[in-house]
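Secondary and tertiary structure notes
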Amino acid sequence: ADEGGPRGRRVLVLVDDLAVRSSHSAFFASLQGRGFDLDFRLADDPKLSLHRYGQYLYDGLVLFAPSTPRFGGSVDQNSILEFIDAGHDMILAADSSASDLIRGIATECGVDFDEDPEAMVIDHINYAATDAEGDHTLIAGDDLIQSDVILGSKKIEAPVLFRGIGHAVNPSNSLVLKVLSASPSAYSANPKSKLASPPSLTGSAISLVSVMQARNNARVLISGSLDLFSNRFLKSGVQKAGSKIRHEKAGNEQFVTETSKWVFHERGHLKAVNVKHNKVGETNEPGMYRINDDLEYSVEIYEWSGTSWKPYVADDVQVQFYMMSPYVLKTLSTDKKGVFSTSFKVPDVYGVFQFKVEYQRLGYTGLSLSKQIPVRPYRHNEYERFITSAYPYYAASFSTMGAFFIFSFVYLYHK
Amino acid sequence: MPRATSDAKLLIQSLGKAYAATPTNLKIIDLYVVFAVATALIQVVYMGIVGSFPFNSFLSGVLSCIGTAVLAVCLRIQVNKDNKEFKDLPPERAFADFVLCNLVLHLVIMNFLG
């Protein structure tokens, strides 16, 4: 495994008030502690630019400017989306003051914030006990996605504190995942006024934090709460209403650390190298196979751990031997050192095939490998010369020939 | 059914008597034809049991027998003294034709067998 990581470490942090830099310093410190080079800018800084001379200046973006009506400099909604389309990552946090600009960016990422600008997520059952007297908008969320790759292998025990707006995940967008869902008793409404009509967003359809991994492996995290990342929530204790267990620290710190690791490709980024194939018993790669050859296929897959490429271990990586449709579909076995291999027989069909690995797993970057290989039929002299089951036919042919000879003899010389 | 059996017996007897009068050279040809047809039948039965995999071998094996039988029957027609149609054709010429046709037949069979 070589040393270079999949992503650079220059991150632009856009805030609408430099006070966020100190109120969220613990989160920023954890990013800086992992080697990220943070560039703090006001969102309306007139010199703001994401690229210069056609090159992007940053590898990631933290958008902690929920109320910004428009960005300064050359940055606008489209340039942010182009930044993501170019394969860069983003963390976006909104709150109840979210501007149309922020909502628009979120919508483009497959997430729709509640359209009511006054609405917040309210939960009269799963609120944090410290909010008992308030309007129950401080939510202790514990409905997390079951994914070790997004949330880390260590389980987040304490509930995650959340105060902000809810969003719905666009059902036609299969790339968006709800990481932190609201409980079934939650709803999204204006906490200051009486409910006049049923809220449009209710129950676990509300997502509090979502992630999106685009097809180019760009990752985006969208949170309806900027406070989720704040020092106050990271450091405070939490007790869920109605629960006896009091946690000394909310789950926020672990949650934001682990999800930001995922977003900035410190986890769950796969790379495949050294795709090899050869005939069984040989080592060099042929330019062509013959039908019914036995072949071996191997590929090395590594996962970026944040500091180095570690062997990826899984038992569900499959290779296809593909021509219009897969003729062979085999699960690769791994030696736990990163090498995935299998062997199979080339089908009795000739043509131009491909070795294909299409590996899409929740939370991991997708692997899509294909390698073209022609398969030829037997050459004329590669068929068996004598076939055992045809011996009676050979015998019959030769016996008629012999019989012809004997017959001619007898016919000519009989008296 | 004593009547029918005895009829059949009579029929076969008269057939055998008439056949005994056939010249020896025609009898030799008949034996040759019977051998060829029997060999062809054995191959067809064998193909029914084993399957038609080397189909070209099967075809050449069977066709060599059938071809041999057909050529032998043609020879028999031409050398038969009772057959007035070929009374101008000398039997030597008929036999030479037969040999030539057999050579061509077996050349084709050898090519198609493997």
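Residues numbered from 1 in each chain as written. Chains lettered and ligands numbered in written order. Predicted model: local features only at pLDDT ≥ 70, side-chain atom pairs only at ≥ 80, totals over all residues. Heavy atoms only, no water.

Cut-off, in case you're wondering: UniProt positions are given in the numbering used here, feature names are shortened, and annotations may be inferred rather than shown by experiment.
With UniProt as reference, chain B is termed Dolichyl-diphosphooligosaccharide--protein glycosyltransferase subunit DAD1, source organism Oryza sativa subsp. indica. The Subcellular location comment attached to chain B in UniProt states, word for word, "Endoplasmic reticulum membrane". Taken verbatim from the UniProt record of chain B, the Sequence similarities comment is "Belongs to the DAD/OST2 family."

1. Let's talk about the overall build of chain A
Our working definition: The numbering of helices and of strands both runs from the N terminus, where a helix is a DSSP run of H or I of at least 4 residues and a strand a run of E of at least 2. For a compact globule the rule gives 2.2 Å times the number of residues to the power 0.38, and the radius of gyration it is set against comes from C-alpha atoms. Burial status follows relative accessibility: with a 1.4 Å probe on protein chains alone, a residue under 20% of its type maximum counts as buried, one over 50% as exposed, and anything between as partly exposed. Residues count as neighbours in contact if any of their non-hydrogen atoms are within 4.5 Å of one another. His is not counted here, nor are the chain ends, while Lys and Arg score as positive and Asp and Glu score as negative. Each charge is placed at NZ for Lys, CZ for Arg, CG for Asp and CD for Glu.
When you go through chain A residue by residue, the secondary structure sums to eight helices and 28 strands. Against the compact-globule benchmark of 22 Å for 415 residues, chain A has a radius of gyration of 32 Å, which places it well outside the compact range. Each principal axis of the C-alpha distribution contributes one length, and for chain A these read about 130 × 50 × 35 Å. Out of the 415 residues in chain A, the part that is buried amounts to 51%. Sequence separation of at least 24 residues holds for 71% of the intrachain contacts in chain A that already meet a minimum separation of 6. Both charge centroids of chain A, one from 42 positive and one from 48 negative side chains, sit 6 Å from each other.

2. Observations concerning the packing of helix 2 (residues 24–50) of chain B against helix 3 (residues 55–79) of chain B
All names here are of chain B. Here is the rule we go by: Only the contacting stretch of a helix is used when fitting its axis, a line to C-alpha atoms as for every element, and angles between N-to-C directions run 0 to 180 degrees. An angle below 35 degrees is read as roughly parallel, one above 145 as roughly antiparallel, one from 65 to 115 as roughly perpendicular, and any other as oblique. Two helices that cross are described as forming a left-handed crossing if the nearer one is turned anticlockwise from the farther one by less than a right angle, and a right-handed crossing if clockwise. Polar here means any residue other than Ala, Val, Leu, Ile, Met, Phe, Trp, Tyr, Cys and Pro, which are nonpolar, and Asp, Glu, Lys and Arg, which are charged; Gly is therefore polar.
The geometry of helix 2 relative to helix 3 is characterised by a closest axis approach of 9 Å and an angle of 160 degrees between their N-to-C directions. Classified by the angle between their axes, helix 2 and helix 3 sit roughly antiparallel to one another. Judged by the twist between their axes, the crossing of helix 2 over helix 3 is left-handed. Each residue belonging to the contact of helix 2 with helix 3 can be placed in one class, and the counts come to 18 nonpolar, five polar and two charged.

3. Quick look at the interface of chain B and chain A
For clarity, the threshold we go by: In this description, buried area is defined as the sum, over both parts, of the accessible area (probe of 1.4 Å) that is lost when the two are combined.
Residue-level contacts link 32 residues of chain B with 21 residues of chain A. On the chain B side of the contact with chain A, Ile28, Tyr46 and Phe95 of chain B bury the most area, a combined 23% of that side's loss. Only helix 2, helix 3 and helix 4 (91–113) of chain B provide two or more residues apiece to the side of chain B that touches chain A. Broken down by element, the side of chain B that touches chain A gets its largest block of residues, 11 residues, from helix 2 of chain B. Here the residues of the side of chain B that touches chain A sort into 19 nonpolar, 13 polar and no charged.

4. With respect to the pattern of salt bridges
All names here are of chain A. We apply this condition: Salt bridges are defined as contacts in which a side-chain nitrogen from Lys or Arg sits within 4 Å of a carboxyl oxygen from Asp or Glu.
Applying the stated criterion across every chain yields a total of 17 salt bridges over all chains. Residues Arg290 and Glu382 are paired through a salt bridge, measuring 3.8 Å at the closest nitrogen-oxygen approach. With Arg290 in strand 20 (residues 289–290) and Glu382 in the loop between strand 28 (367–376) and helix 8 (391–413), the pair connects residues that are 92 residues apart, well separated along the chain. Look at Arg290 and you get partly exposed, because its relative accessible area is 22%. Of the residues examined, Glu382 reaches a relative accessible area of 26% and is grouped as partly exposed. Note that Asp294 is salt-bridged to Lys345, the shortest N-O span being 3.9 Å. With Asp294 in strand 21 (residues 294–304) and Lys345 in strand 26 (residues 339–345), this pair connects stretches of sequence that are 51 residues apart. It is possible to trace a salt-bridge network through shared partners that takes in Lys279, Arg290, Asp293, Arg376 and Glu382.

5. Quick word on unusual backbone geometry
Residues and elements named next belong to chain A. A positive phi is found at Asn217, a non-glycine position, where the angle reads about 70 degrees. Position of Asn217 relative to the elements: it lies in the loop between strand 15 (207–213) and strand 16 (219–223). A positive phi angle, close to 70 degrees, is found at Met324, a residue other than glycine. Along the chain, Met324 falls in the loop between strand 23 (318–323) and strand 24 (325–331). Look at Met324 and you get exposed, because its relative accessible area is 75%.

6. Examining the nonpolar core
What counts here: In this text, buried Ala, Val, Leu, Ile, Met, Phe, Trp, Tyr and Cys residues form a nonpolar core when linked through side-chain atoms within 4.5 Å.
Ranked by size, the top nonpolar core spans 71 residues in total, and within it Phe64, Leu208, Phe229, Phe255 and Phe321 of chain A carry the most contacts. Listed in part, the 32 residues of the second largest apolar core include Leu14, Cys109, Met212 and Val220 of chain A.

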